[in-house]
Amino acid sequence: MTDDELIWRIAGGSGDGIASTSQNFAKALMRAGLHVFTHRHYPSRIRGGHTYTEVRVSADTVKSRGDGYNFLLALGDSFARNPQENAYYGNEEVKPLSENLDELNDGGVIVYDSGLLDTDDIPNFDERVEENGWHVYDIDLRTIAREHGREVMRNTAGVAVTCAIAGIEPEVIKSLMDDTMPEKIFEPNMAVFDDAYETVLEEYDADAPDVSVPEGEHDEEQVLISGSDAIAYGALDEGCRFIAGYPMTPWTEVFTIMSQNLPEVGGISEQVEDEIAAAALALGASHAGVKAMSGSSGGGFALMSEPLGLAEMTETPVVLVEAMRAGPSTGMPTKPEQADLEHVLYTSQGDSHRVVFAPSDAAEAYKQTRRAFQIAYEYQIPSIVLYDQKNGGELQNVSASVFDEEPNADLGSVITEEELVDAPHDPSGKYNRFQHDVEDGVSPRSIPGQKGGRYLATGNEHMPAGHIAEDPDNRVNQVDRRMEKMEAIRADLDADEETNTHYGPEEAEYGIMTFGSQQGTVEEAVDRLNDDGHSVKMLGVSEMAPYPIEEVTEFVESVDEVLVVEMNASAQFRGLTQKELGRYGEKLSSLLKYNGNPFEPAEIVDGFVTSIVEDGTLPGHETKFVPAASD
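Residues numbered from 1 in each chain as written. Predicted model: local features only at pLDDT ≥ 70, side-chain atom pairs only at ≥ 80, totals over all residues. Heavy atoms only, no water.

1. Section: the overall build of the chain
Here is step 1 of the chain: In terms of regular secondary structure, the chain is built from 21 helices and 21 strands.
Here is step 2 of the chain: What you see for the chain is a C-alpha radius of gyration of 27 Å, in line with the 25 Å of a compact globule of 631 residues.
Here is step 3 of the chain: In the chain, which comprises 631 residues, the proportion classed as buried is 58%.
Here is step 4 of the chain: Across the chain, contacts joining residues at least 24 apart in sequence account for 78% of those joining residues at least 6 apart.
Here is step 5 of the chain: Carbon and sulfur atoms form 45% of the exposed surface of the chain, whose accessible area is close to 25600 Å². (Helix = DSSP H or I, 4+ residues; strand = E, 2+ residues; numbered from the N terminus. Rg over C-alpha atoms; globule rule 2.2 N^0.38 Å. Buried < 20%, exposed > 50% of the residue type's maximum accessible area, 1.4 Å probe, protein only. Contact = heavy atoms within 4.5 Å. Areas by Shrake-Rupley, 256 points an atom, 1.4 Å probe, with all protein chains shown as cover.)

Encoded structure:
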């Protein structure tokens, strides 16, 4: 371990304030000029159950969680089930300590609340401490908290102990406490902090561990933000004024943020009885002339299949959000996975057509959510923003200038009442909303209430005015026109600044491809591989549909072999790439992970070196290598 970075893990039970404490800790260090990145691990329970958050801190840009960690603050689980002999879930109270030892790096620090935890309950604890050179601090945080306030303030005591050992100036934390805490709890928390901080300096050897926080300075203002925040803010800035949804982890965070902010801009949020109703309401709001969105996760999004198909057939613009989690069925609701790619691309019957973005981080989530709205409303098509629990929940510092863009309330390809006067109409007087021969397949839509703009919107195939029609010629014309939009959208995206990310030396020998939340981790792995003498570059793809065939083809052809990194068991992104390119199966191999935890940079480095360079076999079961078709 060195002073290049601190990877701090705070562990406790759900309901113990682990998320809020880690968020404030990260924000304080960001304010001090450092780059931060968090990783959350929590169970599918409201109260109790082992949970932790990692905060990775560095003077340099941080794109991913690290390899293991070097500082553990174990608070115990205040809401653990009653520990009984031979209990099915074991002794939950001690899990915040016992279940975090395997990933603690050699020479690391353990601070645990001796008021709640007893290391005698952990087999071979002392032997493991000696073997790994860990520095252990058993401090009665609960008693310190109770002396000055309430037991929940032991989190503050733990942060103070961290400051004393890692060399963090107390004022860094205290200034944030002063800004965020009401006066009635600020004073007792300050007393708890000072007591714990002085206790460590006076009674323990705080200088023994080789762990500290580096010094840093930002060139411009930073904000601490998650992918969920960014999706919501992108939607708001793009003029979204209606959202309907039903809570489902991890999509709920976007829904909550939107619901909190929409009333301030004159918008409406509706929590409804199920996801079918949610998507249908968003569709109705958009039909009525409002930028609208909905979303869900996994099984909830499956219920949106019929409204999604209706949006495609009626050519009603709408933006849907799909937050992936480990499945199928209920699966592991709070764990990340990237196994909904095919589900999102192909759900709904028939020759469906939709746009799908898969942003990698908060900055991309903001920009691509805005782009999703622009395309949806210009081309009258559903747009989907696909992400997962990892980039939806992890916090990172982002330059505030990323979000300094003008708002856009434009409804896209909507016809005006003046234009309707000369627009083609059916003999019945209805507007020919679904005209055959139009540019880029887009027939301008009217809004209910416009004079001369009435038409029928139906899920059946229809003639230009919207009446149900099963004439073969009309069917071919309508399908071809709708599909023509995808070609126009692809050309539109190609003309944009790069949505997909190229990283590493242009003339590299090998390539790594990925999509979505793994991109930052892959970038760090690429840096390490090149530093070690390998020749590797990366392509991170965000445009899932329409797929960037030319760009990906050029990347694959430029290297000898490509390793495709993704979090699922069936290599869905690799399969999509081979389907769209129609070749290169002999060049594409896979590195997969699907145990509920995201990749660490070292796992990608090891996977590449062992499988691609050395043609060996990966040990253990954390990751899985699937060779190219010709191997």
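2. Details of unusual backbone geometry
Here is step 1 of the chain: For the peptide bond that leads from glycine 327 to proline 328, omega is 0 degrees, which places it in the cis range.
Here is step 2 of the chain: As for its position among the elements, proline 328 is in the loop between β11 (318-324) and α13 (341-346).
Here is step 3 of the chain: For the bond running from alanine 545 to proline 546, omega is -5 degrees, close enough to zero to count as cis.
Here is step 4 of the chain: Among the structural elements, proline 546 can be located in the loop between β18 (543-545) and α19 (549-557).
Here is step 5 of the chain: Phi at asparagine 124 is positive, roughly 60 degrees, even though this residue is not glycine.
Here is step 6 of the chain: For asparagine 124, the location among the structural elements is in the loop between β5 (104-113) and α3 (125-132).
Here is step 7 of the chain: Phi is positive for alanine 571, close to 55 degrees, though the residue is something other than glycine.
Here is step 8 of the chain: With respect to the helices and strands, alanine 571 occurs in the loop between β19 (561-566) and α20 (572-581).

3. Examining the packing of α19 against α20
Here is step 1 of the chain: Across the interface, α19 lies against α20 with an axial gap of 10 Å and an inter-helix angle of 105 degrees. What the angle tells us is that α19 and α20 run roughly perpendicular. Across from Ile549, Val552, Thr553 and Val556 in α19, the residues of α20 making contact are Thr577, Glu580 and Leu581.
Here is step 2 of the chain: Of the residues in the contact of α19 with α20, the class split is four nonpolar, two polar and one charged. (Axes fitted to C-alpha atoms, helices over the stretch in contact; angles between N-to-C directions. Parallel < 35°, antiparallel > 145°, perpendicular 65-115°, else oblique. Nonpolar A, V, L, I, M, F, W, Y, C, P; charged D, E, K, R; others polar.)

4. A few points about the packing of aromatic side chains
Here is step 1 of the chain: Within this structure, the stated rule accounts for nine aromatic pairs.
Here is step 2 of the chain: Ring centres 4.9 Å apart and planes at 80 degrees place the aromatic pair tyrosine 366 and phenylalanine 403 in the edge-to-face group. In this pair, tyrosine 366 is assigned in helix α14 (residues 362-379) and phenylalanine 403 in the loop between β14 (395-399) and α16 (417-422), connecting sequence segments 37 residues apart. For the pair tyrosine 366 and phenylalanine 403, one class covers both residues: buried.
Here is step 3 of the chain: The ring of tyrosine 52 carries arginine 9 above its face, with NZ or CZ at 3.8 Å from the centroid.
Here is step 4 of the chain: When the ring centre of tyrosine 377 is taken as origin, the NZ or CZ atom of lysine 291, which lies over that ring, is 5.9 Å away. (Phe/Tyr/Trp six-rings, centres within 6.5 Å; stacked < 30°, edge-to-face > 60°. Lys NZ or Arg CZ within 6 Å of the ring centre and 35° of its normal.)

5. Focus: the sheet that holds strand β9 (residues 268-271)
Here is step 1 of the chain: Judged by pairing direction, the sheet is mixed, and its seven strands sit side by side in the order β9-β8-β10-β11-β13-β12-β18 without closing on themselves. Across the chains shown, the open sheet's two edge strands, defined by having one partner strand only, are β9 and β18. Strand-to-strand, the axes of this sheet are offset by a mean angle of 20 degrees, without reference to chain direction.
Here is step 2 of the chain: Two strands pair when backbone bridges link them, and strand β8 (residues 242-245) and β9 are joined in this way by four bridges, in the parallel orientation. Across the sheet, residue phenylalanine 242 finds its bridge partner in β9, namely isoleucine 268. (Pairing = 2+ DSSP bridges.)

6. Considerations on the pairing of strand β6 (residues 135-139)
Here is step 1 of the chain: Where β5 meets β6, five bridges bridge the pair, whose relative direction is parallel. Note on β6: the bridge partner recorded for valine 109 is histidine 135.
Here is step 2 of the chain: In this view, the connection linking β5 to its parallel neighbour β6 by way of α3 has right-handed handedness. (Right-handed = clockwise from strand over helix to strand, strands pointing away.)

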